[in-house]
Amino acid sequence: MLYFSTRATATAGHPAPAGRRFCDILLEGLAPDGGLYLPQSYPQIDGATLTRWRGLDYADLAFEIVSLYVDDIPAHDLRALCRKTYTAAVFGTPQITPLTRLEDGLYLLGLSNGPTLAFKDMAMQLLGNLFEYHLARQGEELNIFGATSGDTGSAAEYAMRGKKGVRVFMTSPKGRMSPFQQAQMFSLMDDNIINIAVKGVFDDCQDLVKGVSGDLDFKRRYRIGTVNSINWARLMAQVVYYFAGYLQTTTDNSQRVSFCVPSGNFGNVCAGHVARMMGLPIDKLVVATNENDVLDEFFRTGVYRVRGTADTHETSSPSMDISKASNFERFVFDLLGRDGTRTQALFGDAIASAGRFDLSGDPAFALAATRYGFSSGKSTHAQRLATIRDCAARYGVVIDTHTADGLKVAQEQRASGVPMVVLETALPIKFAATIVEALGREPDRPARFEGIEALPKRVLHMDADLTAMKALIARTCDA
Ligand SMILES: *Cc1c(COP(=O)(O)O)cnc(C)c1O
């Protein structure tokens, strides 16, 4: 399997660039031309294969799917990595992603029983094991330097803690994360995890990441990398739970299922798109947003409009508070018939110059719904609270704020005869203040998180100062 950038095109006199293999892009973010990597084609799963997969546990299902995309790790090793990753000890249940029936035709797929109680663990845990394996094989080391306002940073730290050859420097805006999120990250005592609370806001942290990555000599010398949501391996790992969710919801392959996905950067639902392209019988992929409705606006109108800081709302489903959807380019590339020149014109040129593009007049736009099965909806704070209350009262199930956005939109878009599966992307304890606002009581806390706010914390405090940050990295790595 070879990988190409969404902006790569063969034009007269310029042959298409050579494809790259999985391990070549494993540690990378953007392709050099600014595009995102995608496989040259989507492997097709026939009915007989899907039937055979019904008997597999999650780890072996993951191996079957991942091995279609990875041909430069021996099968024996890849299977061992999947089995080491997807265990009941790490993910809380033998099913790994358990399905909960709310009522006939309406389900929750539990993706948030991993170490940090959010769905990002599903991919990040595999990434941690793939990184360690690959770095050891190459005799290399990697320093991950990132910025987080919550879920991504903690998922990365819990995936990389104790891993050989990897160190994580994670910046976060001082005092801006919930006490639970701070406790999750700052209580890690592993030597290879370095938490840095920066005086400032999330954008200040991101500017530090850009500053460090922009100094190419420094980046090379200290082997700096990132683990952002555009990494192909993360997307690939997420494809697995769409299959697992489908197989748990159905008894035979003639049945179709719809998924409703709480969305921010379009990473989660993009994996659903890949699963559907592989032939998984998915009817609709419903994109649910909060007040930051960049994606809902596109699927309703054909206009994709990046928001400025002033137009990006701080909401009670904060992991979906995005100004642009960084994985969206992958879907648009497919929508346009995999035309790299047009993808470059939209994302490289129009977005860079005008912050928007408009496909409403393009025949391709209608295909988003008709051929690719997409629809969308949005939810507000008041609707989020009402959905949390209604779900608790009607089904006795307490859901988190992001999952509530998904359930709200799913209820509007259910079709009779087609099961609707809402992806549960976090546990309510991570966003306890809003649950208290909705229900008047604290959400349940898994036993292993009892009292974590009181644990000793290991965190450095710094100003948003690029020179000081580089000095810290250099000092740590040279020690
Ligand atoms: C990251 C995150 C999302 C959004 O996922 P995307 O892949 O960015 O669309 C939704 N809910 C929770 C809890 C998250 O952490």
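Residues numbered from 1 in each chain as written. Predicted model: local features only at pLDDT ≥ 70, side-chain atom pairs only at ≥ 80, totals over all residues. Heavy atoms only, no water.

Colleague: So what exactly am I meant to see when it comes to the overall build of the protein chain here?
Modeller: A tally of regular secondary structure across the protein chain gives 20 helices and 15 strands. For 479 residues, the compact-globule estimate of 2.2 N^0.38 gives 23 Å, and the C-alpha radius of gyration of the protein chain, at 21 Å, lies within 12% of that figure. In terms of principal-axis extent, the alpha carbons of the protein chain reach across some 65 × 60 × 50 Å. A total of 479 residues make up the protein chain; the buried ones form 57% of that total. Considering only contacts in the protein chain between residues 6 or more positions apart, those separated by 24 or more positions represent 76%. (Helix = DSSP H or I, 4+ residues; strand = E, 2+ residues; numbered from the N terminus. Rg over C-alpha atoms; globule rule 2.2 N^0.38 Å. Buried < 20%, exposed > 50% of the residue type's maximum accessible area, 1.4 Å probe, protein only. Contact = heavy atoms within 4.5 Å.)

Colleague: Got a minute to help me understand the site of the ligand in this structure?
Modeller: Surveying the vicinity of the ligand reveals 15 residues, the closest of which are Lys-120, Asp-151, Gly-264, Asn-265 and Asn-268. One nitrogen or oxygen atom from the main chain of Gly-264 is found 2.8 Å from an oxygen atom belonging to the ligand. Protein burial of the ligand: of its 390 Å² of free accessible surface, 96% is covered by the chains. Across the shell around the ligand, the residue classes tally to five nonpolar, eight polar and two charged. (Near = heavy atom within 4 Å. Polar contact = N/O pair within 3.5 Å; in protein donor to acceptor, adjacent residues only side chain to side chain. Areas by Shrake-Rupley, 256 points an atom, 1.4 Å probe, with all protein chains shown as cover. Nonpolar A, V, L, I, M, F, W, Y, C, P; charged D, E, K, R; others polar.)

Colleague: When you look at the packing of helix α11 (residues 232-249) against helix α12 (residues 267-277) in this model, what are you seeing that I'm missing?
Modeller: Between two packed helices, both the angle of their axes relative to each other and the distance between the axes serve to describe the pair. Contact geometry for α11 and α12: axes closest at 8 Å, N-to-C directions at 65°. On the basis of their axis angle, the class for α11 and α12 is roughly perpendicular. Two packed elements cross with a definite hand, and for α11 against α12 that hand is right-handed. Here α11 contributes Leu-235, Gln-238, Val-239, Tyr-241, Tyr-242 and Phe-243 to the contact with α12, which in turn contributes Gly-267, Asn-268, Val-269, Cys-270, Ala-271, Gly-272, Val-274 and Ala-275. (Axes fitted to C-alpha atoms, helices over the stretch in contact; angles between N-to-C directions. Parallel < 35°, antiparallel > 145°, perpendicular 65-115°, else oblique. Left-handed = near helix turned anticlockwise from the far one by under 90°.)

Colleague: Would you take a moment to explain the sheet that holds strand β13 (residues 374-378) for this structure?
Modeller: Remark on secondary structure: sheet strands pair via backbone hydrogen bonds, oriented parallel or antiparallel. What the six strands build is an open sheet, ordered β3-β4-β14-β9-β10-β13; its pairing is mixed. Since the sheet does not close on itself, it has two edges, and those belong to β3 (99-103) and β13, each with one partner. Strand after strand, the sheet turns through a mean of 25° between neighbouring axes, direction not considered. Across five bridges, strand β4 (residues 106-110) lies against strand β14 (residues 420-424) in parallel orientation. Paired with Leu-106 across the strands is Met-420, a residue of β14. Those strands touched by α11 are β3, β4, β9 (257-262), β10 (282-289) and β14, and its axis lies near 135° from that of β9. In the packing of α12 onto the sheet, the strands contacted are β9, β10, β13 and β14, and the crossing angle to β10 comes to about 170°. (Pairing = 2+ DSSP bridges.)

Colleague: Would you take a moment to explain the pattern of salt bridges for this structure?
Modeller: Any two side chains of opposite charge can pair, so long as their charged atoms come close to each other. All told, the structure shown has 29 salt bridges when counted by the stated rule. Between Asp-215 and Lys-470 there is a salt bridge, with its nearest N and O atoms 2.8 Å apart. Of this pair, Asp-215 sits in the loop between α9 (202-214) and α10 (216-221) while Lys-470 is found in helix α20 (residues 466-478), placing the two residues 255 residues apart along the sequence. Between Glu-291 and Arg-384 there is a salt bridge; the shortest N-O distance is 2.8 Å. Linking Glu-291 in the loop between β10 and α13 (294-301) with Arg-384 in helix α17 (residues 381-395), this pair joins segments that are 93 residues apart in sequence. (Salt bridge = Lys/Arg side-chain N within 4 Å of Asp/Glu carboxyl O.)

Colleague: Explain the packing of aromatic side chains here, please?
Modeller: Working definition: an aromatic ring pair is given by the centre-to-centre distance plus the angle between the planes. Under the definition given, this model contains 28 aromatic pairs. Measuring from centroid to centroid gives 6.0 Å for Tyr-304 and Phe-347, while their planes differ by 50°, and the two rings are tilted. Pair noted here: Tyr-304 is in strand β11 (residues 303-305) and Phe-347 is in helix α15 (residues 340-354), with a separation of 43 residues, a long-range link. What makes Phe-347 buried here is its relative accessible area of 10%. Geometrically, the ring pair formed by Tyr-304 and Phe-357 is tilted, given 5.3 Å between the ring centres and 35° between the ring planes. Of this pair, Tyr-304 sits in strand β11 while Phe-357 sits in strand β12 (residues 356-358), placing them 53 residues apart in sequence. Using a relative accessible area of 2% as the deciding quantity, one classes Tyr-304 as buried. The rings of Phe-266, Phe-298, Phe-299, Tyr-304, Phe-328, Phe-331, Phe-347, Phe-357, Phe-365, Tyr-372 and Phe-374 are connected pair by pair, giving a single aromatic cluster. Sitting above the plane of the Phe-218 ring, Lys-470 keeps its charged end 5.7 Å from the centroid. (Phe/Tyr/Trp six-rings, centres within 6.5 Å; stacked < 30°, edge-to-face > 60°. Lys NZ or Arg CZ within 6 Å of the ring centre and 35° of its normal.)

Colleague: Which parts of the structure should I look at to understand the side chain of His-273?
Modeller: Among the structural elements, His-273 can be located in helix α12. In this structure the side chain of His-273 is engaged in a polar contact, spanning 2.8 Å, whose partner is the side chain of Asp-334.

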